[in-house]
Amino acid sequence: MSNQLLQRSTNLIPKTFITTVAPDATYTLKPLDNYILISSTAGAKAITLPVTTSIQRVTISMTANTGGSYTVSVVEGTLTFDATGETATIISVPTVGSTTWRVESLRGATIV
């Protein structure tokens, strides 16, 4: 039993923060966000990505859509969510004085 791994409580912060954005609301990503749920009924909305000094991975998923869209500006272009079930994972790439965000994976969402 001496080789058995013991769980430690050195970090009491949960590893997954799920944020549900109010329908049709714009949103600015927060430092501890890592899973964002969005829904849309009309119009175009944007998710703003912050400048960060650490690597951050965020998954964005559209849970419902009866019209409209959400967009996110990334290095590859404009990431667009306009249908239920579309999901993308983006990752920050901090550099001196700025942060770029890159798309890591897509499922249904598009980049223009």
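As a reminder, the structure under discussion sits directly above these lines.
Residues numbered from 1 in each chain as written. Predicted model: local features only at pLDDT ≥ 70, side-chain atom pairs only at ≥ 80, totals over all residues. Heavy atoms only, no water.

Caption draft 1: How the structure looks around the side chain of serine 40. Within the secondary structure, serine 40 sits in strand 3 (residues 35-40). Judged by relative accessible area, which is 3%, serine 40 ranks as buried. A distance of 2.7 Å separates the side chain of serine 40 from the backbone oxygen of glycine 67, its partner in a polar contact. (Helix = DSSP H or I, 4+ residues; strand = E, 2+ residues; numbered from the N terminus. Buried < 20%, exposed > 50% of the residue type's maximum accessible area, 1.4 Å probe, protein only. Polar contact = N/O pair within 3.5 Å; in protein donor to acceptor, adjacent residues only side chain to side chain.)

Caption draft 2: Here's a closer look at the environment of alanine 25. Within the element layout of this structure, alanine 25 appears in the loop between strand 1 (18-20) and strand 2 (27-28). The class of alanine 25 is partly exposed, set by a relative accessible area of 23%. Spatially, the C-alpha atoms of alanine 25 and serine 39 are 8.8 Å apart, while their sequence positions differ by 14 residues. Every residue in contact with alanine 25, bar those within four places of it in the chain, is listed here: Lys45 and Tyr70. (Contact = heavy atoms within 4.5 Å.)

Caption draft 3: Quick peek at the sheet that holds strand 8 (residues 87-95). In space, the five strands of this open sheet follow the order 1-3-5-8-9, with mixed pairing throughout. Of all the strands in the sheet, the pair left with one neighbour each is strand 1 and strand 9 (98-107). Strand-to-strand twist in this sheet, taken as the mean axis angle between neighbours without regard to direction, amounts to 25°. The sheet contact formed by strand 3 and strand 5 (residues 57-65) spans six bridges and is parallel. Paired with leucine 37 across the strands is serine 61, a residue of strand 5. (Pairing = 2+ DSSP bridges. Axes fitted to C-alpha atoms, helices over the stretch in contact; angles between N-to-C directions.)

Caption draft 4: Local environment of unusual backbone geometry. Of note in this structure, aspartate 24 is not a glycine but carries a positive phi near 65°. Checked against the element boundaries, aspartate 24 lands in the loop between strand 1 and strand 2.

Caption draft 5: Looking closely at the pattern of salt bridges. By the definition in use, this model includes three salt bridges. The shortest N-O distance in the salt bridge between lysine 45 and aspartate 24 comes to 3.0 Å. Of this pair, lysine 45 sits in strand 4 (residues 44-48) while aspartate 24 is found in the loop between strand 1 and strand 2, placing the two residues 21 residues apart along the sequence. Residue aspartate 24 is classed as partly exposed on the basis of its relative accessible area, which comes to 27%. (Salt bridge = Lys/Arg side-chain N within 4 Å of Asp/Glu carboxyl O.)

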